[in-house]
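Commentary on secondary and tertiary structure
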Amino acid sequence: MTEDLLLSDVQPGDSLPELGYDVTATTVVLGALATRDWRPMHHDYDFAVNRNGTQDIFLNTPNQAAWFERYITDWTGPKGRLGRMKFRMKGSVFPKDRMVFTATVEDVTTDDAGCGWASLLVTLSVDGATKTDCTVRVALPTAPDDNPWARRGDQWKP
Amino acid sequence: MSDPTSPDAPVDLPPEVAAVIGAYQYQETGEFPAEQGYIWTSCSSVENGNPLFWDADVAAEITDGPIAPPTMLSVWFRPHHWAPGRTEQALPLQVHFDLKAAFDLPEAVMTDNTIVFHEPVRPGDVLTTRQVLRSVSGPKTTKLGSGRFWVIDVEYLNQRGDLVGVESYTGFGYRRNAS
């Protein structure tokens, strides 16, 4: 976990530190249960292979969102506040895969309410193949005494 | 990639599907309040050490008390796998399953997910949600099989009526191609 990142610390083209993680069946099942996703393709190998036609059980969507959040806030620190995430699954993540998260800052802006924003393109890949692309809009403090979490109503425009 | 539900030509949909596009359905209240134990379980599952979720002093300073990770939005609404008196398994995102049934598509995957975060969810909050079908594609064939894409929005509000988030899902319901 870093200290709080300020908007002025960030520029388009910046890269985030890479995060690698070795996925096991426990990763998949724990992630499914932590997100209260009881569907069998996330814990039942036979169902995943013989009904869904996939090679194994695979990470579910809400748990992938949690992985992306963790990756981004590892970089921003606790004052980083997610505004919007859009992700597209291009392939599944299975046990024995090594997930690698990378990201690039695409844009840095301040909205008309004075909120600072960084737009990121985050990629989850396995063996160099993109499994999920995620575009993220995250609010960052514009000064040490600024706190995006204090914004409500029309001061928060995610 | 363009929106897969955007048809090149007008899509011929069954009347029962066309009738619900744009209509709010399945307004429901969550079965349990957001709670700290599940917050820690979720953070643990992805090794999220953000002190907002582990250090009460940090949460008090930054978010005026504990909050849930924003991406846990859907967690607070997923039904129990079993509950007393229930005769059928409750399904989250019921519109998705309605579409699988309407088009007789036995398999489905989610391909896109957009989440917009508003007010943070706090332990004790009970969320209300409603689903709206935004669009359905014509027949499409992918490597998984043949079927249709659809887009479903889910809005979440807390017990004070504050919007806490909106999720938009793109699903692909399909029948596996004969091998």
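This report concerns the structure included in the present document. It should be emphasised that the depicted structure is a prediction, and the values quoted were computed from it without experimental measurement. (Residues numbered from 1 in each chain as written. Chains lettered and ligands numbered in written order. Predicted model: local features only at pLDDT ≥ 70, side-chain atom pairs only at ≥ 80, totals over all residues. Heavy atoms only, no water.)

1. Notes on the overall build of chain B
Secondary structure assignment for chain B yields four helices and six strands. Projected onto its principal axes, the C-alpha positions of chain B cover 55 × 40 × 30 Å. A buried classification covers 51% of the 179 residues belonging to chain B. By sequence separation, contacts in chain B at least 24 residues apart represent 71% of the contacts at least 6 residues apart. Summing over all exposed atoms, chain B offers an accessible surface of approximately 8,300 Å²; the carbon and sulfur share of this is 54%. Treating the 12 positive side-chain charges of chain B as one cloud and the 23 negative ones as another, the clouds have centres 9 Å apart. (Helix = DSSP H or I, 4+ residues; strand = E, 2+ residues; numbered from the N terminus. Buried < 20%, exposed > 50% of the residue type's maximum accessible area, 1.4 Å probe, protein only. Contact = heavy atoms within 4.5 Å. Areas by Shrake-Rupley, 256 points an atom, 1.4 Å probe, with all protein chains shown as cover. Lys, Arg positive; Asp, Glu negative; His and termini not counted. Charge placed at Lys NZ, Arg CZ, Asp CG, Glu CD.)

2. Focus on the interface of chain A and chain B
In this assembly, 42 residues from chain A lie in contact with 45 residues from chain B. Contact between chain A and chain B buries roughly 4,000 Å² in total, counting both sides, with carbon and sulfur atoms accounting for 51%. Among the residues of chain A in contact with chain B, Arg36(A), Arg88(A) and Trp149(A) are the three that bury the most area, contributing 18% of the side total. One can count four salt bridges joining chain A with chain B. Across the salt bridge formed by Arg51(A) and Glu107(B), the nearest N and O atoms sit 3.4 Å from each other. Taken together, the connections running from chain A to chain B amount to 23 residue pairs in polar contact (both at pLDDT 80 or more). (Buried area = accessible area lost by both parts, 1.4 Å probe. Salt bridge = Lys/Arg side-chain N within 4 Å of Asp/Glu carboxyl O. Polar contact = N/O pair within 3.5 Å; in protein donor to acceptor, adjacent residues only side chain to side chain.)

3. Comments concerning the environment of His43(A)
All names here are of chain A. Within the element layout of this structure, His 43 appears in the loop between α1 (25–34) and α2 (45–50). Note on His 43: relative accessible area 40%, which makes it partly exposed. For His 43 and Arg 151, which are 108 residues apart along the polypeptide, the C-alpha to C-alpha distance reads 39 Å. When near neighbours in sequence (up to four residues on either side) are disregarded, His 43 contacts Val 29, Trp 38 and Ile 57. A polar contact is formed between the side chain of His 43 and the backbone oxygen of Arg 39, at a distance of 3.5 Å.

4. A short note on the pattern of salt bridges
A full pass over the atoms with the stated rule returns 15 salt bridges over all chains. For Asp37(A), the salt bridge is made with Arg39(A), and the minimal N-O distance between the two is 2.9 Å. Residue classification places Asp37(A) among the buried positions, given a relative accessible area of 1%. Accessibility expressed as a relative area gives 25% for Arg39(A), which makes it partly exposed. In this structure, the salt-bridge partner of Asp162(B) is Arg160(B), at a minimum N-O distance of 3.6 Å. One continuous salt-bridge network, built from bridges that share partners, spans Arg152(A), Glu119(B), Asp125(B), Arg160(B) and Asp162(B).

5. Comments concerning unusual backbone geometry
Residue and element names in this part refer to chain B. Unusually for a residue other than glycine, Tyr 26 sits at a positive phi of about 55 degrees. Here Tyr 26 shows up in strand β1 (residues 24–29). For Asp 64, which is not a glycine, the phi torsion comes out positive at approximately 60 degrees. The topology assignment puts Asp 64 in the loop between α3 (56–63) and α4 (94–102). Residue classification places Asp 64 among the exposed positions, given a relative accessible area of 68%.

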